[in-house]
Amino acid sequence: MSILEALRGTLAVSCQAADGSPLQPTDHIVALAKAAVLGGAKAVRIEGVANVSAVRNAVSVPVIGITKIEHPDSEIYITPTLEDVRQLCEAGADIVAFDATARPRPCSVAALVEAVHQAGRIAMADISTLDEGRAAVAAGADFAGTTLSGYTPYSPQTEAPDFKLMEDLFRAGIPFVAEGRIWEPTDARRAIEYGAAFVVVGSAITRPDVITRRFADAVAGARTTPEFNGESR
Ligand SMILES: CC(=O)N[C@H](C=O)[C@@H](O)[C@H](O)[C@H](O)COP(=O)(O)O
């Protein structure tokens, strides 16, 4: 069975640590990935060549590899160049994901796809609109990811997952993975029911600081005098 067939209808977990997070050391990323697998993740999405290599050696599920490189002259920061692709493949990524948005870019989507395929790996195109999904698949990408919806100025800026984009991709016959702002298990399930090949969840599982903030904000907004049936006592 191919990797993509095996992943159909399953959960993948993105194990990344933002700048300044105490979880940044590679050992912690490996621990997050192992915990995700214990919980039922069938793939993990990992940022950084050293992290991909360490996680590849520590778990047996497929690894979706990316790099994140901020560049002063470009808004493209997820796996922007052929060198990033080469290093991720060498580190053992089974799937390489890259920005496939329509913004000005250092390297064409077609060239990135070709490099991924030459290494015998699967190409995942992170997109923000239906047109970008169409273009990425036309350029040879194996599937699109809704990852960047909400992160380009011309895509809908919402707090929820972009279910409209999922529906549009499904109707257009573009194979896709649901990723981005999936906070509730019911949303993950809904994404599969909207036709996603599989679902990638990150922050809601692997960013304890962000998860904590949700709870802290909820508690901070609570009334401190109990009230039952509209009556306080
Ligand atoms: C936009 C961008 O840079 N997304 C990144 C891509 O790898 C990660 O920061 C996200 O955590 C990941 O996509 C999962 O999404 P969420 O954390 O919302 O479940």
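See the structure above.
Described below are features of the structure shown in this document. (Residues numbered from 1 in each chain as written. Predicted model: local features only at pLDDT ≥ 70, side-chain atom pairs only at ≥ 80, totals over all residues.)

### Observations concerning the pairing of strand β4 (residues 95-99)
No. 1: Burial runs high along β4: five of the five residues are buried.
No. 2: The two faces of β4 match: Ile95, Ala97 and Asp99 on one face and Val96 and Phe98 on the other face are all buried.
No. 3: Remark: the strand β3 (residues 63-66)/helix α4 (residues 82-91)/β4 crossover connection has right-handed handedness. (Buried ≥ 20, exposed ≤ 12 C-beta atoms within 10 Å, placed from the backbone. Helix = DSSP H or I, 4+ residues; strand = E, 2+ residues; numbered from the N terminus. Right-handed = clockwise from strand over helix to strand, strands pointing away.)

### Here we look at the site of the ligand
No. 1: Taken together, 15 residues are adjacent to the ligand, and Ser14, Tyr151, Arg181, Gly202 and Ser203 come closest.
No. 2: Of all elements in the fold, only β8 (199-201) and α9 (203-206) reach the threshold of two or more residues within the shell around the ligand.
No. 3: Of the residues in the shell around the ligand, the class split is seven nonpolar, six polar and two charged. (Near = placed C-beta within 6 Å. Nonpolar A, V, L, I, M, F, W, Y, C, P; charged D, E, K, R; others polar.)

### Examining unusual backbone geometry
No. 1: Of note in this structure, Thr79 is not a glycine but carries a positive phi near 45 degrees.
No. 2: Look at Arg181: it is not a glycine, yet its phi comes out positive at around 60 degrees.
No. 3: Its location among the elements puts Arg181 in the loop between β7 (176-179) and α8 (185-193).
No. 4: What makes Arg181 partly exposed here is the crowd of 19 C-beta atoms within 10 Å.

### Topic: the nonpolar core
No. 1: With 67 residues, the main nonpolar core has Val44, Val96, Met124 and Val199 as its most contacted residues.
No. 2: Aside from chain neighbours lying at most four places away, what touches Val96 is Gly65, Thr79, Val85, Leu88, Cys89, Val116, Arg121, Ala123 and Met124. (Core = buried A, V, L, I, M, F, W, Y, C linked by C-beta atoms within 7 Å. Contact = placed C-beta atoms within 7 Å.)

### Some thoughts on the environment of Val200
No. 1: As for its position among the elements, Val200 is in strand β8.
No. 2: Residues Val200 and Ala12, 188 residues apart in the sequence, show an inter-C-alpha distance of 4.6 Å.
No. 3: Discounting residues that sit within four places of it in the chain, Val200 has contacts with Ala12, Ser14, Arg45, Gly145, Val177 and Glu179.

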